[in-house]
Amino acid sequence: MEKFCSYRNGQLAYHITGTGPVVLLLHGFGEDASIWDEQVNFLKNAFTVITPFIPGTGPSALLQPSAENEVVLIEDYAKAIKQIIETEAITSFVMLGHSLGGYITLAFAALYPDLLSGFGLIHSTAFADNAEKKENRIKGIRIMEEYGAYTFIKTTIPNLFGAKHKAAYPEKTDLLIEKAFKSNTVACQQYYEAMRLRPDRTDVLKNAQCPVLFIIGTEDKAAPMEDMLQQSHLPNCSYVHILPESGHMGMWEDTEIVNQHIRHFLNAIYHPVAHTPGN
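Described in the following lines is the structure provided in the data block.

Thresholds, definitions, all that
- Residues numbered from 1 in each chain as written.
- Predicted model: local features only at pLDDT ≥ 70, side-chain atom pairs only at ≥ 80, totals over all residues.
- Heavy atoms only, no water.
- Pairing = 2+ DSSP bridges.
- Helix = DSSP H or I, 4+ residues; strand = E, 2+ residues; numbered from the N terminus.
- Axes fitted to C-alpha atoms, helices over the stretch in contact; angles between N-to-C directions.
- Contact = heavy atoms within 4.5 Å.
- Expected span 1.5 Å × (residues − 1).
- Buried < 20%, exposed > 50% of the residue type's maximum accessible area, 1.4 Å probe, protein only.
- Polar contact = N/O pair within 3.5 Å; in protein donor to acceptor, adjacent residues only side chain to side chain.
- Phe/Tyr/Trp six-rings, centres within 6.5 Å; stacked < 30°, edge-to-face > 60°.
- Patch = residues over 30% accessible without salt bridge, like charges linked within 9 Å, V, L, I, M, F, W, Y side chains within 5 Å.
- Areas by Shrake-Rupley, 256 points an atom, 1.4 Å probe, with all protein chains shown as cover.
- Salt bridge = Lys/Arg side-chain N within 4 Å of Asp/Glu carboxyl O.

Turning next to the sheet that holds strand E2 (residues 10–18). Taken together, eight strands build an open sheet; the order of strands is E1-E2-E4-E3-E5-E6-E7-E8 and the sheet is mixed. For this open sheet the edge positions go to strand E1 (2–7) and strand E8 (238–243), each flanked by a neighbour on one side alone. On average, each strand axis in the sheet is tilted by 20° relative to the strand beside it, whichever way the strands run. Taken together, the four bridges between strand E3 (residues 22–26) and strand E5 (residues 93–98) define a ladder with parallel strand orientation. Across the sheet, the residue bridging to Leu26 is Gly97, located in E5. Contacts between helix H2 (residues 74–87) and the sheet are confined to E1, E2, E3, strand E4 (48–52) and E5, with E1 contributing the most and set at about 115° to the helix.

Here is the structure:
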């Protein structure tokens, strides 16, 4: 079911389906809520699944900078997600974010830790951009200004998949490119600037009072395995899963395995007696 709620001077769109404890799945850059369709279908019989459209994507209105800032920050997207949670009268849930969605998840965990029963980084990182990556963000923003977001995104998508999967399933690369066709250029520039300015969030992992899920691809160039393994020991309770030969798109490259990892994480949080280690 597609629903809408008001936020600032616009609306936020999201899908909600299923019944049971709540999990929110947040898409990444150049994607929309449909990126999670396989996970939604897998989880909806046991969980209430919410898949928002990040502001500026699909039916969700573009965010304007807050009165305190000249640009839209990662925290602004987290506050938008909070509006969905309030609209649905949810008091506790699990939040999992892919890539940009992971950055927003970390910002949400910093702002509203008491709302989270658990959270996860799906091919995402708590590290801030280094100097080289910040410069690349600026170049990306300029390219989008000149050629549009779609032209920029379609050149980056092939690099998101592991080599073996990309060769075996070229249609998935094509489908992701097709999904990016309607990307809003201004929104994508905002995302890149917000990513460039985001702070290091390793303290969020260190201070987490709930379990944290890490899903890592051995061939992920955007969130390298080496970086992720450095972070995975920081929370008090971590669930770490490495996907051999997977790139940045594990939910598409290793769908069944990722589904199982997510369900195991959710069951461990919501049904801890039945899913203690060794059971």
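This part takes up helix H8 (residues 185–197). In this model H8 runs 18 Å from its N-terminal to its C-terminal C-alpha over 13 residues, within 8% of the 18 Å that 1.5 Å per residue would give. Counting buried positions along H8 yields ten of 13 residues, so the element is predominantly enclosed. All of the buried residues along H8 are Ala187, Cys188, Gln189, Gln190, Tyr191, Tyr192, Glu193, Ala194, Met195 and Arg196. In this structure, the buried residues of H8 make contact with H2, helix H3 (100–111), helix H4 (131–147) and helix H5 (149–156). At the N-terminal boundary of H8, the capping side chain belongs to Asn184, with an oxygen 2.9 Å from the backbone nitrogen of Val186.

Moving on, we come to the packing of aromatic side chains. Within a pair of aromatic rings, the relevant descriptors are the distance that separates the centres and the angle that separates the planes. In the structure shown here, the tally under the stated rule is nine aromatic pairs. Here the aromatic rings of Tyr77 and Tyr191 are separated by 5.6 Å at their centres, their planes lie at 65°, and the arrangement is edge-to-face. Remark: Tyr191 occurs in helix H8 and Tyr77 occurs in helix H2; sequence separation between them is 114 residues. The two residues Tyr77 and Tyr191 agree in class, both being buried.

Attention shifts here to a nonpolar patch on the surface. Taken together, Leu229, Val240 and Ile242 make up a surface patch of nonpolar side chains, about 210 Å² in accessible area. Mapped onto the fold, Val240 is located in strand E8.

Even without being a glycine, Arg8 presents a positive backbone phi close to 50°. Its place among the elements puts Arg8 in the loop between E1 and E2. The phi angle at Ala89 is positive, at roughly 55°, despite the residue not being glycine.

Here the focus is the environment of His248. Position of His248 relative to the elements: it lies in the loop between E8 and helix H11 (250–253). Look past the residues within four positions of His248 in its chain and what remains in contact with it is His98, Ser99, His123, Leu160, Asp220, Ala222, Ala223 and Glu253. Of the polar contacts made by the side chain of His248, one reaches the side chain of Asp220; its length is 2.9 Å.

Here we take up the pattern of salt bridges. For the coordinates displayed, the defined rule picks out eight salt bridges. For Glu245, the salt bridge identified is with Lys164, shortest N-O distance 3.5 Å. Placement of Glu245 in the loop between E8 and H11 and of Lys164 in helix H6 (residues 163–168) is noted, with a sequence separation of 81 residues between them. Taking the shortest distance from any N to any O, the salt bridge between Arg196 and Glu193 comes out at 2.9 Å. Within this pair, Arg196 and its partner Glu193 are both found in helix H8, separated by three residues, close to a single helical turn.

Attention now goes to the side chain of Ser60. Structurally, Ser60 is set in the loop between E4 and H2. The exposure class of Ser60 is buried, given its relative accessible area of 4%. Sequence-distant contacts of Ser60, that is, excluding residues within four places in its chain, are made with Gln11, Leu12, Ala13, Phe53, Ile54 and Pro55.

Looking along a regular strand, one sees side chains alternate from face to face of the sheet. When E1 meets E2, the two strands line up antiparallel, connected through six bridges. From the neighbouring strand, Phe4 faces E2, where its bridge partner is Ala13. In sequence, E1 turns back onto E2 through a hairpin of two residues, with Arg8 there showing a positive phi of about 50°. In this sheet, E4 lies alongside E2 in antiparallel orientation, the contact comprising five bridges. When the sheet's bridge partners are listed, Gly18 is paired in E4 with Thr48.

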